Amino acid sequence: DPAAIKRALAAAADVALAPEVRAEGVRQLATLKPNEAVPVLLGLVKGDKLDAVRAEAVRALAAFDHKDVPAALIAGWKDHPRAVRPGGVATLSARR
């Protein structure tokens, strides 16, 4: 559903929304798996101000079989907060 994807992308990226709403948008992206979500999720993992949103985004990336995901997660590893790293390990270990 293109409208659902658009809403989820908007919710995940909107820093004015409550963290729970943004996290739900991220979870919806993991369920819907649109290709255009990968850069958005990687951007959230890399630089969102809220660790909860970053952690949810890194977990959501496990749903995507995209070539850029492992390299991006590893490249930013030292900058990931402790709250994000377990999700990164799980996401990387889930890859084939």
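Report on the accompanying structure.

Analysis parameters
Sequence order sets the numbering: in each chain, residues are counted from 1 along the sequence as written. Reporting in this predicted model follows two pLDDT cut-offs: at least 70 for local features of residues, and 80 or more for side-chain atom pairs to be given and counted; totals over whole chains, interfaces and linings ignore these cut-offs and use all residues. Hydrogens are left out, water is left out, and the side-chain values use all remaining heavy atoms of the structure. Counting from the N terminus, the helices are the DSSP runs of H or I reaching at least four residues and the strands are the DSSP runs of E reaching at least two. Only protein chains enter the area calculation, which uses a 1.4 Å probe; residues under 20% of their type maximum are buried, those over 50% are exposed, and those in between are partly exposed. Contact between two residues is taken to exist if any of their heavy atoms lie within 4.5 Å; hydrogens are not considered. Computed by Shrake-Rupley with a 1.4 Å probe, the accessible areas treat only the displayed protein chains as cover when residues are assessed. The sign given to each residue is positive for Lys and Arg and negative for Asp and Glu; His and the chain ends receive no count. Each charge is placed at NZ for Lys, CZ for Arg, CG for Asp and CD for Glu. For our purposes a nonpolar core is just a set of buried Ala, Val, Leu, Ile, Met, Phe, Trp, Tyr and Cys residues, chained together by side-chain atoms within 4.5 Å. The reported arc concerns the directions from the helix axis to the C-beta atoms and nothing else.

Things to note about the overall build of the protein
Within the protein, the regular secondary structure consists of 6 helices and 0 strands. The secondary structure elements of the protein, listed N-terminal to C-terminal, are α-α-α-α-α-α. With respect to the principal axes defined by its C-alpha atoms, the protein has extents near 35 × 25 × 15 Å. Of all 96 residues assigned to the protein, the portion counted as buried reaches 40%. In the protein, of all internal contacts separated by at least 6 residues, the share reaching a separation of at least 24 is 53%. Just so you have it, the protein exposes about 5600 Å², and 58% of that area is on carbon and sulfur atoms. One finds the centroid of the 15 positive side-chain charges in the protein at a distance of 5 Å from the centroid of its 11 negative side-chain charges.

Things to note about the nonpolar core
In terms of nonpolar packing, the biggest core is built from 23 residues, with Val26, Leu29, Leu41, Leu44 and Leu61 touching the most fellow members. The set of elements that each furnish at least two residues to this core consists of helix H1 (2–13), helix H2 (19–32), helix H3 (37–47), helix H4 (51–60) and helix H5 (68–75). Excluding residues that lie within four positions of it along the chain, valine 26 makes contacts with Ala12, Leu41, Leu44, Glu56, Ala57 and Ala60.

Considering the side chain of histidine 80
For histidine 80, the location among the structural elements is in the loop between H5 and helix H6 (85–93). Setting aside anything within four residues of it in sequence, one finds histidine 80 in contact with Val45, Arg54, Leu73 and Arg85.

Quick word on H3
For H3, the set of buried residues is Ala37, Val38, Leu41, Leu42, Leu44 and Val45. Relative to the axis of H3, the buried residues are bounded by an arc of 160° and lie together on one face. Of the exposed residues in H3, the ones pointing more than 90 degrees away from its buried face are Pro39, Lys46 and Gly47. On its buried face, H3 is in contact with H1, H2, H4 and H5.

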